[in-house]
Amino acid sequence: MRIVLYIVWALFVAAAVFALIHAMRKTRRQEQLMADWPKAQAAVTGSVAGWTSGGGGSSRSRRFFPTYQFTDSQGTLFMGKSEISLAAEPVPGSLIEVAYNPANPNESLQVSSTPRTGMGCLIPFFAVFAVALFWFISIFPLG
């Protein structure tokens, strides 16, 4: 029976590592794209409300994804929606920094260190959680 628990543990660790690597690659890819893109100040026009998944037994909470508009170097107005959620509804008219693709200004991303900070917190959390689960399996009474 303990072998089954170790197999489930190994599958969990593999899934967590896969998810973290996927998220890190996506974040790195976006950062590399944005490094070459011009930056602009965008005005928040509103927000799109959403919900957290409530995973891990936590309660679901309301999140807000800012919508914004900015002008490119030629003065053309473009709109976008941020992929970075906020706990509080953003104030319309407030400014955020965005990077936009000069070849297609409809493709824009909000400049933020939040994804990198989140990764920095998730990696140690999953490492400690995996070690704690491994220890718990070793002391779990099976009789």
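Residues numbered from 1 in each chain as written. Predicted model: local features only at pLDDT ≥ 70, side-chain atom pairs only at ≥ 80, totals over all residues. Heavy atoms only, no water.

## Describing the overall build of the protein
For step 1, the next point in the chain: Along the protein, the regular secondary structure elements total 2 helices and 5 strands.
For step 2, the next point in the chain: Across the protein, helices and strands are ordered from the amino to the carboxyl terminus as α-β-β-β-β-β-α.
For step 3, the next point in the chain: In terms of overall dimensions, the protein is more spread out than a globule: its C-alpha atoms have a radius of gyration of 20 Å, far above the 15 Å expected for 143 residues.
For step 4, the next point in the chain: Each principal axis of the C-alpha distribution contributes one length, and for the protein these read about 70 × 30 × 20 Å.
For step 5, the next point in the chain: Of the roughly 9,500 Å² that the protein leaves accessible, carbon and sulfur atoms contribute 65%.
For step 6, the next point in the chain: Computed over 11 positive and 7 negative side-chain charges, the inter-centroid distance for the protein is 15 Å. (Helix = DSSP H or I, 4+ residues; strand = E, 2+ residues; numbered from the N terminus. Rg over C-alpha atoms; globule rule 2.2 N^0.38 Å. Areas by Shrake-Rupley, 256 points an atom, 1.4 Å probe, with all protein chains shown as cover. Lys, Arg positive; Asp, Glu negative; His and termini not counted. Charge placed at Lys NZ, Arg CZ, Asp CG, Glu CD.)

## A word on the sheet that holds strand E5 (residues 108-110)
For step 1, the next point in the chain: The 5 strands lie next to each other as E3-E2-E1-E4-E5, forming an open sheet whose pairing is antiparallel. On the outer flanks of this sheet lie strand E3 (77-81) and E5, each paired with one strand and no other. Along the sheet, successive strands turn relative to each other by an average axial angle of 40°, direction set aside.
For step 2, the next point in the chain: With 5 bridges connecting them, strand E2 (residues 62-71) and E3 associate as antiparallel partners. Bridge pairing links phenylalanine 70 to phenylalanine 78 in E3.
For step 3, the next point in the chain: Contacting strand E1 (39-51), strand E4 (95-100) and E5, helix H1 (residues 2-36) crosses the sheet at an angle of about 110° to E5. (Pairing = 2+ DSSP bridges. Axes fitted to C-alpha atoms, helices over the stretch in contact; angles between N-to-C directions. Contact = heavy atoms within 4.5 Å.)

## Description of the confidence of the model for the protein
The predicted coordinates ought not to be read in detail in places where the model reports low pLDDT.
For step 1, the next point in the chain: On average, residues of the protein carry a pLDDT of 88, and 94% of them reach 70 or more.
For step 2, the next point in the chain: Averaged pLDDT values over the elements of the protein bottom out at 86 in helix H2 (residues 114-139) and peak at 94 in E3. (pLDDT = per-residue confidence, 0-100.)

## Considering the nonpolar core
For step 1, the next point in the chain: Of all hydrophobic cores here, the largest spans 9 residues; its members are Ala40, Ala42, Val44, Tyr68, Phe70, Phe78, Ile96, Val98 and Tyr100.
For step 2, the next point in the chain: Among all residues touching tyrosine 100, those that are not within four sequence positions of it are Trp37, Pro38, Lys39, Ala40, Phe70, Asp72, Ser73, Pro105, Glu107 and Ser108. (Core = buried A, V, L, I, M, F, W, Y, C linked by side-chain atoms within 4.5 Å. Buried < 20%, exposed > 50% of the residue type's maximum accessible area, 1.4 Å probe, protein only.)

## Structural notes on the packing of aromatic side chains
For step 1, the next point in the chain: By the definition in use, this model includes 10 aromatic pairs.
For step 2, the next point in the chain: Pairing phenylalanine 125 with phenylalanine 126 gives two aromatic rings, centres 5.5 Å apart and planes at 65°, and the pair type is edge-to-face.
For step 3, the next point in the chain: Exposure remark for phenylalanine 126: the relative accessible area of 25% places this residue in the partly exposed category.
For step 4, the next point in the chain: In this structure, lysine 81 packs its charged tip against the face of phenylalanine 65, placed 5.5 Å from the ring centre. (Phe/Tyr/Trp six-rings, centres within 6.5 Å; stacked < 30°, edge-to-face > 60°. Lys NZ or Arg CZ within 6 Å of the ring centre and 35° of its normal.)

## As for the environment of alanine 23
For step 1, the next point in the chain: Residue placement: alanine 23 occurs in helix H1.
For step 2, the next point in the chain: The sequence separation of alanine 23 and methionine 79 amounts to 56 residues, and the corresponding C-alpha distance is 25 Å.

## Here we look at a nonpolar patch on the surface
For step 1, the next point in the chain: Residues Met1, Val4, Val8, Trp135, Phe136, Ile139, Phe140 and Leu142 make up a contiguous nonpolar surface patch of roughly 820 Å² in combined accessible area.
For step 2, the next point in the chain: Counting residues per element, the ones that place at least two in the nonpolar patch are H1 and H2.
For step 3, the next point in the chain: Residue classification places tryptophan 135 among the exposed positions, given a relative accessible area of 54%. (Patch = residues over 30% accessible without salt bridge, like charges linked within 9 Å, V, L, I, M, F, W, Y side chains within 5 Å. Salt bridge = Lys/Arg side-chain N within 4 Å of Asp/Glu carboxyl O.)

## A short note on H1
For step 1, the next point in the chain: With 35 residues, H1 ought to run about 51 Å at 1.5 Å a step, and its terminal C-alpha atoms sit 52 Å apart, in line with that.
For step 2, the next point in the chain: Taken together, the buried positions of H1 are Ala16, Leu20, Thr27 and Met34. (Expected span 1.5 Å × (residues − 1).)

## Concerning the pairing of E2
For step 1, the next point in the chain: One ladder, built from 8 bridges, connects E1 with E2; its direction is antiparallel. From the neighbouring strand, alanine 49 faces E2, where its bridge partner is phenylalanine 64.
For step 2, the next point in the chain: The hairpin turn running from E2 into E3, its antiparallel successor, is 5 residues long, and glycine 75 in that turn takes a positive phi close to 90°.

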